Amino acid sequence: MRVLLVEDDPHTAGFIAKGLREDGHSVDHAGNGKDGLFLATTETYDAIVLDRMLPGLDGLTLLQTVRGAGNRTPVLLLTALGEVDHRVEGLRAGADDYLVKPFAYAELSARLDSILRRGSAGGSEPTRLRVADLELDLLSREARRGDKRIELQPREFRLLEYLMRQAERVVTRTMLLEAVWDYHFDPQTNVIDVHISRLRQKIDQGYPRPLLHTVRGAGYRLGA
């Protein structure tokens, strides 16, 4: 899942971003409302975690602008204002859910899952990805090939999700570095090779037909 986090407090932003990345998600962070609005309207995200009180442009105005442009990305609104009127105001502005500070990361994660499930029920992003007999459940975070469950580390899950979303297409090392590791430069390490090797052992070893292919000189392709 690709998440936009718009939060001006460095401690809170770091706490949330760390949790999301440990769960295998990709996170873009904006520290003020104007930068948040720019990212929300120029990039594609699965969810937005938005603080209500922001410098430059407040969260409600940002949210109303995004909704006014026809963007229906699920939004979880964060605020220190916990009165009923404040929650109603946020929901009427277009938020899908509302979380009052302070909060536990587990609750934030559960609320994100909930608004994504509601969106999926309405016909948006699928909650399961399938390539041949390989299936990835994005809600339970479970991978299976046939009847066998595959145990994945968070980064492996993120890597497999990206490859499955790009099924039958060649993905380059640069694409993987940006989408899975949030690197916008080549760190000159073998991190991709190591993770691809581990992932290939988990999803292909013991099966007659491999699904993860190396395209020499180009990158990788997941498909039959």
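Nothing here was measured: the structure is a model prediction, and the numbers come from that model.

A. Spatial organisation of the nonpolar core. In this structure, Leu136, Leu160, Leu163, Leu176 and Leu222 are the most contacted members of the largest nonpolar core, which totals 28 residues. Taken together, the elements giving at least two residues each to this core come down to β6 (128-131), β7 (134-137), α6 (154-165), α7 (173-180), α8 (191-204) and β12 (219-222). Those residues in contact with Leu222 that sit more than four places away from it in its chain are Val131, Leu134, Leu160, Leu163, Met164, Ala167, Glu168, Ile203, Leu211 and Leu212.

B. Molecular detail of the packing of aromatic side chains. Counted according to the given criterion, the structure contains two aromatic pairs. Both rings, one in Phe15 and one in Phe103, keep their centres 6.5 Å apart while their planes meet at 45 degrees; by these two values the pair is tilted. One end of the pair, Phe15, is in helix α1 (residues 10-22); the other, Phe103, is in the loop between β5 (97-100) and α5 (105-121), and 88 residues separate them in sequence. Residue classification places Phe15 among the partly exposed residues on the basis of a relative accessible area of 38%. Among the aromatic residues, those joined into a ring-pair cluster are Phe15, Phe103 and Tyr105. Sitting above the plane of the Phe157 ring, Arg141 keeps its charged end 4.0 Å from the centroid. We note Arg145 situated over the ring of Tyr207; from NZ or CZ to the ring centre the distance is 4.3 Å.

C. A look at the sheet that holds strand β8 (residues 142-145). Here we have four strands laid out as an open sheet, ordered β6-β7-β8-β9, and antiparallel in their pairing. Of all strands in the sheet, those with a lone pairing partner are β6 and β9 (148-150), marking the two edges. Strand-to-strand twist in this sheet, taken as the mean axis angle between neighbours without regard to direction, amounts to 20 degrees. Pairing geometry for β7 and β8, over four bridges, is antiparallel. In the strand pairing of β8, Asp137 is matched with Glu142. Strand contacts of α6: β6, β7 and β8, with the helix running at about 115 degrees to β7, the strand carrying the most contacts.

D. Fine view of the pattern of salt bridges. Evaluated as defined, the whole model comprises 21 salt bridges. Residues Asp97 and Arg111 are paired through a salt bridge, measuring 3.0 Å at the closest nitrogen-oxygen approach. Of the two residues, Asp97 is situated in strand β5 and Arg111 in helix α5; the sequence distance between them amounts to 14 residues. Looking at Asp97, the relative accessible area reads 15%, which means it is buried.

E. Fine view of unusual backbone geometry. Here the amide bond leading from Lys101 into Pro102 is cis, since omega sits at -5 degrees, within 30 degrees of zero. In this fold, Pro102 is placed in the loop between β5 and α5. Phi angles above zero are rare outside glycine, and Ala132 is one such case at about 55 degrees. Within the element layout of this structure, Ala132 appears in the loop between β6 and β7. For Ala132, a relative accessible area of 36% gives the class partly exposed. Positive phi is not limited to glycine here, since Glu168 has a value of about 70 degrees. Note that Glu168 resides in the loop between α6 and β10 (170-171).

Definitions and limits used
- Residue numbers run consecutively from 1 along every chain, following the written order of its sequence.
- The predicted origin of the model limits local features to residues at a pLDDT of at least 70 and limits the giving and counting of side-chain atom pairs to 80 or more, whereas totals for whole chains, interfaces and linings rest on all residues.
- Here the side-chain values reflect all heavy atoms present in the structure, with hydrogen atoms and water set aside.
- Here, the term nonpolar core denotes a set of buried Ala, Val, Leu, Ile, Met, Phe, Trp, Tyr and Cys residues that are joined through side-chain atoms within 4.5 Å.
- Each residue is placed in one exposure class: buried if its accessible area under a 1.4 Å probe, protein chains only, is under 20% of its type's maximum, exposed if it is over 50%, and partly exposed if it falls in between.
- Counting from the N terminus, the helices are the DSSP runs of H or I reaching at least four residues and the strands are the DSSP runs of E reaching at least two.
- Only heavy atoms enter the contact rule, under which two residues are in contact if any of them lie within 4.5 Å.
- Any Phe, Tyr or Trp ring, taking Trp's six-membered ring, that has another such ring centre within 6.5 Å forms a pair; planes under 30 degrees apart are called stacked, those over 60 apart edge-to-face, and the others tilted.
- Lysine and arginine charges are scored as sitting over a ring when NZ or CZ, respectively, is within 6 Å of the ring centre and within 35 degrees of the ring normal.
- A pair of strands is considered paired only if DSSP assigns at least 2 bridges between the two.
- Axis lines are fitted to C-alpha atoms, over the contacting stretch for helices. Their N-to-C directions set the angle, which ranges from 0 to 180 degrees.
- Any Lys or Arg side-chain nitrogen found within 4 Å of a carboxyl oxygen on Asp or Glu counts as a salt bridge.

Function-wise, these values are silent; they only describe arrangement.
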